[in-house]
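Architecture at a glance
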Amino acid sequence: MNEEIEGREFDWYAIDSEGNLGLFSTAGEGFVPDYVINNVGLHDAISDSIDSSNWGNPEVFFDYCKLGFYVFDWDLPSGPYKKKCEPSNSISNNLKLRLLELVNDNKLSINFRKFTDIKSVKDI
């Protein structure tokens, strides 16, 4: 793990094989793909731009699903990422365009709808 994000809550974004967008919350320990490590600041900037009235409590995941994300959270202490919820709305065009610029060249080989747990970087 990159020391810039080690030990702190860090959210990273991904696109799956079907074009669905996912948000992964590391809980300070979850694995992070190389393409994210190379763009930590951009992932942080997107996270900072997302407004949530439930920041700091588990209900925040449902806010993200309302925004159009599949949400996975690292299960402490040793994983895996567990799916917390699925999108309940479509993602806004503005946010989708920003995310696609960041993740489109790094599509994951999985389908977020089919996975409930993601154990390692090999799963993606």
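Anyway, here's the lowdown on the structure attached to this text. Fair warning: this is a prediction, and the values are worked out from it, not measured in the lab. (Residues numbered from 1 in each chain as written. Predicted model: local features only at pLDDT ≥ 70, side-chain atom pairs only at ≥ 80, totals over all residues. Heavy atoms only, no water.)

1. Thoughts on the pairing of strand S4 (residues 81-85)
A regular strand places its side chains on the two faces of the sheet in alternate fashion. Test applied: At least two bridges found by DSSP between two strands are what make those strands a pair. Only DSSP runs of H or I reaching four residues or more are called helices, and only runs of E reaching two or more are called strands; each is numbered from the N terminus.
In this structure, strand S3 (residues 70-74) lies alongside S4, joined through 4 bridges in antiparallel fashion. Paired with Asp73 across the bridge in S4 is Lys82. Relative to strand S5 (residues 117-118), S4 is paired through 2 bridges, and the arrangement is antiparallel. Opposite Tyr81, over in S5, you have Ile118 as the bridge partner.

2. A word on the nonpolar core
For soluble globular proteins, nonpolar side chains are generally found buried alongside one another. Rule in force here: Here the nonpolar core consists of buried residues drawn from Ala, Val, Leu, Ile, Met, Phe, Trp, Tyr and Cys, with membership extended through side-chain atoms lying within 4.5 Å. The classification of residues rests on relative accessible area computed with a 1.4 Å probe and restricted to protein chains. Under 20% of the type maximum is buried, over 50% is exposed, and intermediate values are partly exposed. Only heavy atoms enter the contact rule, under which two residues are in contact if any of them lie within 4.5 Å.
Formed by 37 residues in total, the largest nonpolar core has its most connected members in Trp12 and Phe69. Going through the elements one at a time, strand S1 (11-15), strand S2 (21-25), helix H1 (34-37), helix H2 (40-49), helix H3 (60-66), S3, S4 and helix H4 (93-103) are the ones with two or more residues in this core. Once you skip the residues sitting within four places of it in the chain, Trp12 turns out to touch Gly22, Leu23, Phe24, Thr26, Phe31, Val32, Pro33, Tyr35, Val36, His43 and Tyr81.

3. A word on the state of the cysteines
Formally: Disulfide assignment relies on a single distance test, namely cysteine sulfur atoms paired within 2.5 Å.
For the coordinates displayed, the defined rule picks out 1 disulfide. The disulfide bridge from Cys65 ends at Cys85, spanning 2.0 Å between sulfur atoms. The chirality of the disulfide connecting Cys65 with Cys85 is right-handed, given an S-S dihedral of about 95°. With Cys65 in helix H3 and Cys85 in strand S4, this residue pair connects regions lying 20 residues apart in the sequence. For the pair shown, Cys65 and Cys85 are each scored as buried.

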